[in-house]
Amino acid sequence: SDYNADKRHRSSEESQHGSPETLSAHRQQYERNFPLYKQPVEVGFFSLDSHRNFFNDQRQLRYYVQPRKSPDFNLRDGYTSRFVKRDDSVKERLDHLLQWIRVNRDKIQTRDQTPSSSALGVDFVTWRGHLTKVLTTPYETQEGWLLAVSKFRGTIYISEVETEAARVNRETRSERQEEMMYWGYKFEQYMCADDVDGTPDPGGIVNTNEAFCTVVQTRLADHKLLFSGEVDCRVKDPDAPPAPGCYVELKTSAEICTPKQQSNFHRYKLLKWWAQSFLPGVPQIVAGFRDHDGIVVSVETFQTSKISQLIKNEYNCWKPTVCMNFCSDFLSFVKSVVKEDDPRLVYLFRWDPHRDVTYTVHRDSQYTFLPDWYTKDMKS
Ligand code: A3P
Ligand code: MG
Ligand code: MG
């Protein structure tokens, strides 16, 4: 089924079909004016419960609770006695987002289109996390990615495939790494209440199956996007701006003690934090800085829109415009390659650090990801 798996070895010249075979990820090529990025609009949301069941509502949305001046959060507390970990060997692909689309097609904003049209009226459907990886590609030196892409009824769907290297990492995590993955979720528990009039319950269970996801629409250059991402919490104020403006992203990071640590935080961590929150229009990020024993020593708020100012003093630092222009060009590249409208056909885009983006084509393979229940339903 891999009838042109040799494509990645060809040159970057144009193919017979007139579309390029590869895309450069060199940051210098993307230093131009910031592309149009429309304010993301929330068109819906959904929740996943402790069993990973889908609900077309906001039952899992939590509320941000400002901590005391000197919080005494111990992120190790409850590991592993009050921890239920999601099984991350289960590949969910786009399924929950497709479930949302199936029951909320009428919520998707379409211009110049009759409501009865079978097309969704967007160019791309994907997870926010996949786009975050695309945005940070020009600066990534450690981890590559694999993105499976299919076109169905005029819309291009993008679903990540775990790389071999990522699978090996996942299967060989140390006990320390396993515990530290818990710390981020434990911080969320200390910072969030389940109800608007409630307070956090640090004695409860941390269950990483539970999630609240926003679904947003926006446009990057001439690409109409619909994507979903997990949201940690919202501010309690009912007069706060409408979603996604009321959302808050929570993060943890090692405490910063040296100029070198400060520089690394700016160069690597803030890039990922900015990309993740900028995409869905989440305006604030609340960070808990913790010591080696998992004790939170300080809590600091970052305005997503001000992060690019914060990092400008770093030599040779990352630039939002490079991230967004690379993403825009990648989506143009995908559009030029993915011509056949067939959910059983997957174009597999691959990027490895220090390489160009390449692709292979696979029919009826292990990579097919649009489920029959979705393609059957969307025909009516
Ligand atoms: P921190 O990033 O604060 O450590 P998110 O911040 O995206 O809401 O994710 C919540 C937590 O999930 C993270 O908190 C971290 O503990 C864990 N997590 C998310 N992505 C991860 C990854 N790629 N590897 C390891 N842990 C991850
Ligand atoms: Mg989260
Ligand atoms: Mg978070």
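In what follows, the structure referred to is the one given above.
Given the structure is predicted, the values throughout are model-derived calculations rather than measurements. (Residues numbered from 1 in each chain as written. Chains lettered and ligands numbered in written order. Predicted model: local features only at pLDDT ≥ 70, side-chain atom pairs only at ≥ 80, totals over all residues. Heavy atoms only, no water.)

Caption draft 1: Region of the structure containing a negative patch on the surface. Together, Asp194, Asp195, Asp197, Asp201 and Glu210 make up a negatively charged patch on the protein surface. The topology assignment puts Asp197 in the loop between strand E8 (192-193) and strand E9 (206-207). Look at Asp197 and you get exposed, because its relative accessible area is 70%. (Patch = residues over 30% accessible without salt bridge, like charges linked within 9 Å, V, L, I, M, F, W, Y side chains within 5 Å. Areas by Shrake-Rupley, 256 points an atom, 1.4 Å probe, with all protein chains shown as cover. Salt bridge = Lys/Arg side-chain N within 4 Å of Asp/Glu carboxyl O. Lys, Arg positive; Asp, Glu negative; His and termini not counted. Charge placed at Lys NZ, Arg CZ, Asp CG, Glu CD. Helix = DSSP H or I, 4+ residues; strand = E, 2+ residues; numbered from the N terminus. Buried < 20%, exposed > 50% of the residue type's maximum accessible area, 1.4 Å probe, protein only.)

Caption draft 2: Layout of a positive patch on the surface. A cluster of basic residues, Lys38, Arg111, Arg219 and Lys224, forms a positive patch on the protein surface. Note on placement: Lys38 falls in the segment before strand E1 (41-48).

Caption draft 3: Structural detail: the pattern of salt bridges. The final tally for this structure, using the stated rule, is 26 salt bridges. Note that Arg344 and Asp364 form a salt bridge whose closest N and O atoms lie 2.8 Å from each other. A residue pair is termed long-range when its members are at least 10 positions apart, and Arg344 in the loop between helix H7 (320-337) and strand E16 (345-351) and Asp364 in the loop between strand E17 (358-363) and helix H8 (372-377) qualify at 20 residues. One network of salt bridges, in which partners are shared, links Lys85, Asp88, Arg173 and Glu178.

Caption draft 4: Expanded view of the site of ligand 1. Close contacts around ligand 1 come from Met181, Gly184, Tyr185, Glu188, Asp232, Glu249, Leu250, Lys251, Thr252 and Gln276, and that covers them all. Tyr185 is positioned with one of its side-chain polar atoms (N or O) 2.9 Å from an oxygen atom of ligand 1. Within the backbone of Leu250, an N or O atom sits 3.4 Å from an oxygen atom of ligand 1. Protein chains bury 61% of the 530 Å² of accessible surface belonging to ligand 1 in isolation. Of the residues belonging to the shell around ligand 1, the class tally is 3 nonpolar, 3 polar and 4 charged. (Near = heavy atom within 4 Å. Polar contact = N/O pair within 3.5 Å; in protein donor to acceptor, adjacent residues only side chain to side chain. Nonpolar A, V, L, I, M, F, W, Y, C, P; charged D, E, K, R; others polar.)

Caption draft 5: How the structure looks around the side chain of Thr155. With respect to the helices, strands and loops of the structure, Thr155 is situated in strand E7 (residues 155-161). Discounting chain neighbours no more than four positions away, the residues touching Thr155 are Leu120, Val122, Asp123, Phe124, Val125 and Ser150. (Contact = heavy atoms within 4.5 Å.)

Caption draft 6: Representation of the environment of Phe278 in the model. Considering the arrangement of structural elements, one finds Phe278 in helix H5 (residues 259-278). Given a relative accessible area of 22%, Phe278 falls into the partly exposed group. As a C-alpha pair, Phe278 and Trp351 span 73 residues in sequence and 23 Å in three-dimensional space. Apart from residues no more than four positions distant in its own chain, Phe278 is found in contact with Phe34, Tyr37, Thr304 and Met324.

Caption draft 7: How the structure looks around the pairing of strand E5 (residues 124-127). Residues Phe124 and Thr126 of E5 are buried on one face, and the alternating residues Val125 and Trp127, pointing to the opposite face, are buried as well. With 2 bridges connecting them, E5 and E7 associate as parallel partners. In the strand pairing of E7, Val125 is matched with Tyr157. As defined by bridge partners, E5 adjoins strand E11 (residues 223-230) across 4 bridges and the pair is classed as parallel. Across the sheet, the residue bridging to Val125 is Leu226, located in E11. (Pairing = 2+ DSSP bridges.)

Caption draft 8: Molecular detail of the sheet that holds E1. In spatial order, the strands read E2-E1-E10-E11-E5-E7-E6-E16-E17; together these 9 strands make up an open sheet with mixed pairing. The open sheet has two edge strands with one neighbour each: strand E2 (54-55) and E17. Here E16 runs beside E17; their pairing, made up of 6 bridges, is antiparallel. Across the sheet, the residue bridging to Tyr347 is Val361, located in E17. Of the strands in this sheet, E5, strand E6 (145-152), E7 and E11 are in contact with helix H2 (residues 128-136), which crosses E5 at around 95°. (Axes fitted to C-alpha atoms, helices over the stretch in contact; angles between N-to-C directions.)

Caption draft 9: Fine view of the coordination of the magnesium ion (ligand 3). Summarising the metal site, the magnesium ion (ligand 3) is bound by the protein donors Asp232 (OD), Glu249 (OE) and Leu250 (O), whose distances to it range over 2.0 to 2.2 Å. Site description for the magnesium ion (ligand 3): donor spacing in sequence, D-x16-E-L. For the pair the magnesium ion (ligand 3) and the magnesium ion (ligand 2), the metal-to-metal distance amounts to 3.6 Å, and Asp232 bridges them. Owing to a relative accessible area of 6%, Glu249 belongs among the buried residues under this scheme. (Donors = N, O, S within 2.8 Å, 3.2 Å for Na, K, Ca; no water.)

Caption draft 10: Geometry of H5. Roughly 40° is the biggest bend found in H5, and it falls at Leu270. Its buried side turned inward, H5 meets H2, strand E13 (247-254), strand E14 (284-290), strand E15 (296-303), helix H6 (307-310) and H7. (Bend = angle between axes of the 7 residues up to and from the residue.)

Caption draft 11: Region of the structure containing the packing of aromatic side chains. The final tally for this structure, using the stated rule, is 28 aromatic pairs. With a centroid separation of 4.4 Å and 15° between ring planes, the pair formed by Phe73 and Tyr190 is classed as stacked. Highlighted residues: Phe73 in the loop between strand E3 (63-64) and strand E4 (83-84) and Tyr190 in helix H4 (residues 175-191), separated in sequence by 117 residues. Residue Phe73 shares its accessibility class with Tyr190, and that shared class is buried. Measuring from ring centre to ring centre gives 5.7 Å for Phe333 and Phe349, while their planes differ by 80°; the resulting arrangement is edge-to-face. A residue pair is termed long-range when its members are at least 10 positions apart, and Phe333 in helix H7 and Phe349 in strand E16 qualify at 16 residues. The pair Phe333 / Phe349 is uniform in exposure class, with both members buried. Here a set of aromatic residues connected by ring pairs shows up, and it is made of Tyr30, Trp145, Phe326, Phe330, Phe333, Phe349, Trp351 and Tyr359. The aromatic ring of Phe55 is capped on one face by Arg59, whose charged end is 3.6 Å from the ring centroid. Lying over the aromatic face of Tyr190, Lys186 brings its terminal NZ or CZ to 5.1 Å of the ring centre. (Phe/Tyr/Trp six-rings, centres within 6.5 Å; stacked < 30°, edge-to-face > 60°. Lys NZ or Arg CZ within 6 Å of the ring centre and 35° of its normal.)

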